[in-house]
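Letter by letter, the chains look like this.
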Amino acid sequence: MLTNLRIFAMNHQTIPSAHINNLCCYKIRASFKRLKPYVLLGRNYSSLPGLIGNDIKSLHSVINPPIAKIRNIGIMAHIDAGKTTTTERILYYSGYTRSLGDVDDGDTVTDFMAQERERGITIQSAAVTFDWKGYRVNLIDTPGHVDFTLEVERCLRVLDGAVAVFDASAGVEAQTLTVWRQADKHKIPRICFLNKMDKTGASFKYAVESIREKLKAKPLLLQLPIGEAKTFKGLVDVVTKEKLLWNSNSNDGKDFERKPLLEVSDPELLKETIEARNALIEQVADLDDEFADLVLGEFSENFDLLPAEKLQNAIHRVTLAQTAVPVLCGSALKNKGVQPLLDAVTMYLPSPEERNYEFLERISRLLLPFADQHIEISSLTAGNIALTVGLKHTATGDTLVSSKSSALAAARRAEREEEKQHRKNNEAERLLLAGVEIPEPVFFCTIEPPSVAKQPDLEHALKCLQREDPSLKVRLDPDSGQTILCGMGELHIEIIHDRIKREYGLETYLGPLQVAYRETILNSACATDTLDRTLGDQRHLVTVEVEARPIETSSLMPVIEYAESIHEDLLKVSQGAIENGIHSACLQGPLLGSPVQDVAITLHSLTVHPGTSTTMISACVSRCVQKALKKADKQVLEPLMNLEVTVARDYLSPVLGDLAQRRGNIQEIQTRQDNKVVIGFVPLAEIMGYSTALRTLTSGSATFALELSTYQAMNPQDQNTLLNRRSGLT
């Protein structure tokens, strides 16, 4: 059985002989790791990339296409914007599949996990490889639910470009902002696809304006819709001044015609297109000096004479520079606009050689990904995405090297090269990839195996799932000995629970879901402690004095300071033990046993008897810090969530009344077409089970999105209520 399949990107080689395996890795899918067969319901797969029938066009072109012809892209969006449906159409039109899958029918290629098919959402990212008009496209479909934001984060590390999918009736939504910020952080060029143009309430103008206002991006309108909502039937290519109309009798959208716009047949549409094209040319000229020189020189009198190819090349450069984003439109569900989107991917998004990666890679066994299928290949060149097998001790964020000596040699060569070229940036530092930022979990619950005999099996399952999903945390309760499962949300923990049952055959039991509170202190407090123990013939004696005080800046880890009176030699020997003790003490606060944040711990004095072990020093420091924390005035911090509720006008009042009862703080109420969008903050503890309550209040018509904002201090009344409830007094 194959185990531990991981996906990685082969980056462009610029350091000639540094044997670096630059592994941007994440687990590709649960079924890859255990090869549990997920049967694709009624799906027929066409030839793999590069194959015609049973004949191989060129083995080299299949495995190693020219790097300029490779596109590594991701599909990202808010939940229900149509990412997976768009991916499904892309695979069908590229010839990868022979039938159209549907999210509601549970037979899409990339959503093949049982949990995904049951819920109709993407939970884990899936990679597929296909060809389009001579280009090799490695595509990754990412989740849109906030509980699985980390999946998007680690996918972006291996991508060269992205397609941001929008619901044309909603524009920019809550999770759209999150994934857009992630793409900004990784400097990913992207194009926008306004999906669902056939949906009631769809508005091209509104969606474009929301991109401009909420994302602070400069949209380049490369297409215009022909009709909206029920009247949507095609689109106009602004660059070439052509209209694309889909055959209404075609069931799969393969048949469409592309015709030049003529004054005789389409006078109004032609006029609108010319105005849009002129505006596009001016916009691109403002952003690209090379194109501006061309426009002002040869075509200043008549923009109509400007060749489409020149404009397309300029749009490619602007997209790569991330100074603007091309905007296209269509309806993936109704099979309109997907082929031009694929053309735009190959035309405007960068190849791997246009992205700046400075590594050479080499690795052993390789596989090409096709969602839940794969084929073994003998080699892979820079710029490709593939799977590798094994790597039992790696995790997301690791950089792999062939050996420690080769890594050191590569670093030395990079340093010498830097000295020769007088570079300002440290090339040696860039031999390691930046790690993934893993958000802290906000929910936790106990998890129990069906019997004590099954505890090792549960621990194994949780260990495997943590390696695959770093946002899942597991810890042991020191008082009860129970296993604690910590996750990003109710759905996240529910999915983990279900996967343990399906993939590992364990019927586990979850305790009640609880909020992950934190603690801090409001004033300074000092404490002194002495530990005096004799073990065998050795006496261990430590005396410690510490001070705990609050700090204004937010810090999850305690800030550790040392008084000048602490002897340097003693500190050199004991510093590790001291800091271990302080960190240990701050893991469990005095009120709820929650982590303590926003505190500084100062060590004022330390006396150690000769022969005292570092373990005893650490234990004494930890006990002393806990004493100081107990002496200070204490404060519970609760997670505060950003909340966005989209609701019909008729149901606005009951929704606002319900949020007021949940200690919600409404910041703004926006108008989105015929709906109202309520934006505000609400404590996480008050929002548990909100999905069911909102459905009841609005007859199932409203939707909402949540995202962790910050941790805020609870008011005294709510804090006392919480403490009494935890102690069993209420």
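As annotated in an unreviewed UniProt entry, the protein carries the name Ribosome-releasing factor 2, mitochondrial and comes from Callithrix jacchus. Per its UniProt entry, the protein bears the Subcellular location (unreviewed entry) comment "Mitochondrion". If you open the UniProt record of the protein and go to Sequence similarities (unreviewed entry), you find "Belongs to the TRAFAC class translation factor GTPase superfamily. Classic translation factor GTPase family. EF-G/EF-2 subfamily."

Time to look at the confidence of the model for the protein. Confidence along the protein averages 79 in pLDDT terms, with 76% of residues attaining 70 or more. Across residues 115–120, where pLDDT falls below 50, the model places 25 contacts with residues more than four positions away in sequence or in other chains. Predicted confidence is poor over residues 423–430, with pLDDT under 50, and the contacts of this stretch with residues over four places away or in other chains come to 16 contacts.

It is worth spelling out the layout of surface pockets at this point. Volume-wise, the second largest pocket comes out at about 1,200 Å³. Every residue lining the second largest pocket is counted, 42 residues in all, and those nearest its centre are Arg 475, Leu 587, Gly 593, Ser 594 and Pro 595. The set of elements that each furnish at least two residues to the lining of the second largest pocket consists of β21 (443–448), β22 (473–476), β23 (483–487), β25 (514–515), α15 (568–586) and α16 (614–631). Per element, the largest residue contribution to the lining of the second largest pocket is four residues, and it comes from β22. The residue inventory of the lining of the second largest pocket, partitioned by class, reads 23 nonpolar, 11 polar and eight charged. Mapped onto the domain boundaries, the lining of the second largest pocket takes at least three residues apiece from domain 2 (443–516) and domain 3 (519–632).

As a further point, take the sheet that holds strand β29 (residues 559–562). Strand order in this open sheet of four strands is β27-β28-β30-β29, and the pairing throughout is mixed. Here the strands that pair on one side only, and so sit at the sheet edges, are β27 (525–535) and β29. The mean inter-strand angle of the sheet, taken between neighbouring strand axes irrespective of direction, is 25 degrees. As defined by bridge partners, β29 adjoins strand β30 (residues 599–608) across four bridges and the pair is classed as parallel. Note on β30: the bridge partner recorded for Glu 561 is Thr 602. Contacting β27, β28 (538–550) and β30, α16 crosses the sheet at an angle of about 150 degrees to β27.

Reading across from one edge, β12-β13-β14-β15 is the order of the four strands in this open sheet, with antiparallel pairing throughout. A strand with exactly one partner marks an edge of an open sheet, and here the two such strands are β12 (223–226) and β15 (256–260). On average, adjacent strands in this sheet sit at an angle of 25 degrees to one another, irrespective of strand direction. Examined bridge by bridge, strand β13 (residues 234–237) and strand β14 (residues 242–246) share four bridges and lie antiparallel to one another. Counterpart to Val 236 in the pairing with β14 is Lys 243. Running over the sheet, helix α8 (residues 267–287) touches β12 and β13 and is turned about 155 degrees from β12.

For the rest of this paragraph, the subject is the packing of aromatic side chains. The relation between two aromatic rings is expressed through the spacing of the ring centres and the mutual angle of the planes. One pass over the structure, following the stated rule, counts four aromatic pairs. Between Tyr 690 and Phe 704, the aromatic rings sit 5.1 Å apart at their centres with planes inclined by 80 degrees, giving edge-to-face as the arrangement. In this pair, Tyr 690 sits in helix α18 (residues 690–698) while Phe 704 sits in strand β34 (residues 703–713), placing the two residues 14 residues apart along the sequence. According to the relative accessible area criterion, Phe 704 is partly exposed, its value standing at 30%. The ring of Tyr 135 is capped by Lys 69, whose NZ or CZ atom sits 4.4 Å from the centre of that ring.

Turning next to α18. It helps to recall that an α-helix has 3.6 residues per turn; residues three or four apart then point in one direction. For α18, the set of buried residues is Tyr 690, Leu 694 and Thr 698. Viewed along the axis of α18, the buried residues span an arc of 50 degrees, placing them on a single side of the element. On its buried side, α18 packs onto β31 (634–648), α17 (652–661) and β34. Just downstream of α18 lies Ser 699, where phi reads positive at about 55 degrees.

Okay, the pattern of salt bridges next. One pass over the full model with this rule turns up 26 salt bridges. Between Arg 317 and Asp 288 there is a salt bridge; the shortest N-O distance is 2.9 Å. Within this pair, whereas Arg 317 is found in helix α10 (residues 308–321), its partner Asp 288 is found in the loop between α8 and α9 (289–297), the two being separated by 29 residues in sequence. Between Glu 644 and Arg 672 there is a salt bridge, with its nearest N and O atoms 3.6 Å apart. Of this pair, Glu 644 sits in strand β31 while Arg 672 sits in strand β32 (residues 665–672), and the two are 28 residues apart along the sequence. When its relative accessible area of 12% is taken as the criterion, Glu 644 is described as buried.

Cut-off values and rules
- Residues numbered from 1 in each chain as written.
- Predicted model: local features only at pLDDT ≥ 70, side-chain atom pairs only at ≥ 80, totals over all residues.
- Heavy atoms only, no water.
- UniProt positions renumbered as here; feature names shortened; annotations may be inferred.
- pLDDT = per-residue confidence, 0-100.
- Contact = heavy atoms within 4.5 Å.
- 1 Å grid on protein atoms, 1.4 Å probe; cavity = no way out; pocket = protein on both sides within 12 Å on 5 of 7 lines; lining within 4 Å.
- Points joined across faces, edges and corners; volume = space filled by probe spheres on them.
- Helix = DSSP H or I, 4+ residues; strand = E, 2+ residues; numbered from the N terminus.
- Nonpolar A, V, L, I, M, F, W, Y, C, P; charged D, E, K, R; others polar.
- Domains from an automatic or database assignment.
- Pairing = 2+ DSSP bridges.
- Axes fitted to C-alpha atoms, helices over the stretch in contact; angles between N-to-C directions.
- Phe/Tyr/Trp six-rings, centres within 6.5 Å; stacked < 30°, edge-to-face > 60°.
- Buried < 20%, exposed > 50% of the residue type's maximum accessible area, 1.4 Å probe, protein only.
- Lys NZ or Arg CZ within 6 Å of the ring centre and 35° of its normal.
- Arc of directions from axis to C-beta.
- Salt bridge = Lys/Arg side-chain N within 4 Å of Asp/Glu carboxyl O.

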